[in-house]
Amino acid sequence: MLERTLVLFKPDAIQRGLIGEILTRFEKKGLRVIGLKMRCFERATLEEHYSVHKERPFYPALLKFMSSGPVVALALEGKDAIEVVRKLMGKTNSRQAEPGTIRGDFGMSFSNNLVHGSDGPEAAAKELKLFFGGAGELVDWKPATLEWVYSIEEELR
Ligand code: UDP
Ligand code: MG
């Protein structure tokens, strides 16, 4: 019923001091943070993460970019969380992303576009396992605001 999704703050977001701004958007929306870590992820992890794009011309540059500095990985939970996150992020090309979205408000680049979000349930499951696969890495907790963020009767039963 509640969905889980994987978000990455890419190296440009960290370098530009936008961790707080971006995290706040997801929190304020009402998504529950159930996992959070910062790492310079191993190249093998990033290769696996973007393996669907392996044959694409931008793949080498994308891997170089993603391994150029620290990345924040975030696991979020909420009703329709995958779609909600993708909407908050905006279009892939930041120049075309709508104002009000993360990419639309903070970015000017197609490649250096600040955030990643899983694009469907299958990807979310795979990516959550890749970045938060260890025991106890995802934290199940009940926000005190849950019954104000949702109509429990209508939406969470
Ligand atoms: N990307 C790029 N050039 C392209 C397409 C994609 O540099 O022509 C990068 C960009 O950082 C993008 C990532 O590769 O976020 C993954 O591409 P995808 O199409 O999955 O976009 P997303 O799901 O991130 O919006
Ligand atoms: Mg994608």
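Structural data are supplied above this passage.
Here the residue numbers are simple positions, counted from 1 along each chain's written sequence. The lettering of chains begins at A and the numbering of ligands begins at 1, in the order of writing. A pLDDT threshold of at least 70 governs which residues receive local features in this predicted model, and a stricter bar of 80 or more applies before side-chain atom pairs are shown or counted, although totals over entire chains, interfaces and linings include all residues. Each side-chain value is derived from all of the structure's non-hydrogen atoms; neither hydrogens nor water enter the calculation.

**Examining the environment of Thr5**
In this text, helices come from DSSP runs of H or I with a minimum length of four residues, and strands from runs of E with a minimum of two, each type numbered from the N-terminal end. On the secondary structure map, Thr5 appears in strand β1 (residues 3–9). Summary of the burial criterion: residues with accessible area below 20% of their type's maximum are buried, those above 50% are exposed, and those between are partly exposed, where the area comes from a 1.4 Å probe applied to protein chains only. Its relative accessible area of 0% is what places Thr5 among the buried residues. C-alpha separation for the pair Thr5 and Pro121, spaced 116 residues apart in sequence, amounts to 7.9 Å. Aside from chain neighbours lying at most four places away, what touches Thr5 is Leu74, Ala75, Leu76, Ala81, Ile82, Val85, Ser118, Ala124 and Leu128. Contact criterion: two residues are considered in contact whenever any of their non-hydrogen atoms come within 4.5 Å of each other.

**Structural notes on the site of ligand 1**
Around ligand 1, the neighbouring residues are Lys10, Tyr50, His53, Phe58, Leu62, Arg86, Thr92, Arg103, Phe110, Ser111 and Asn113. Polar contacts, as used here, are pairs of N or O atoms within 3.5 Å; protein pairs need one atom able to donate a hydrogen and one able to accept it. Residues neighboring in sequence count only if both atoms are side-chain atoms. One of the side-chain nitrogen or oxygen atoms of Arg86 is found 2.8 Å away from an oxygen atom of ligand 1. One of the side-chain N or O atoms of Thr92 is found 2.6 Å from an oxygen atom in ligand 1. Among the detected pockets, ligand 1 sits in the largest pocket. It suffices for a single heavy atom of a residue to lie within 4 Å of a molecule or strand for the residue to be listed as near it. A pocket here means an open set of points on a 1 Å grid, computed over the protein atoms alone, that has protein on both sides within 12 Å along at least five of seven lines. A cavity is instead a set of points where a 1.4 Å probe fits but cannot get out; residues with an atom within 4 Å of a point line either one. Each molecule is assigned to a cavity or pocket provided more than half of its atoms lie within 2 Å of the corresponding grid points.

**Describing helix α2 (residues 19–29)**
Turning to α2, its buried residues are Ile22, Leu23 and Phe26. Buried residues of α2, seen end-on, are gathered within an arc of 95° and therefore sit on one face of the element. Of all possible arcs, the one meant is that of the directions from the helix axis to the C-beta atoms.

**As for the sheet that holds strand β4 (residues 115–117)**
Pairing between strands requires that DSSP locate at least two bridges from one strand to the other. The four strands are arranged β2-β3-β1-β4 in an open sheet whose pairing can be described as antiparallel. Sheet topology places β2 (32–39) and β4 at the edges, where each strand pairs with a single neighbour. Each adjacent strand pair in this sheet contributes to an overall mean axis angle of 15°, direction not counted. Looking at chain direction, β2 and strand β3 (residues 71–78) are connected through seven bridges and run antiparallel. Across the sheet, Arg32 pairs through a bridge with Glu77, a residue of β3. Running over the sheet, α2 touches β1, β2, β3 and β4 and is turned about 165° from β1. Every axis corresponds to a line fitted to the C-alpha atoms, with the helix fit spanning only the stretch in contact, and the corresponding angles, defined between N-to-C directions, vary from 0 to 180 degrees.

**Description of the environment of Gly90**
Checked against the element boundaries, Gly90 lands in the loop between α5 (81–89) and α6 (102–106). Residue class for Gly90 comes out buried when judged on its relative accessible area of 17%. Note: C-alpha distance between Gly90 and Gly100 (10 residues apart in sequence) is 8.4 Å. In this structure Gly90 touches Ala97, Thr101 and Arg103, once residues within four positions along its chain are discounted.

On their own, these measurements won't tell you what the molecule is for.
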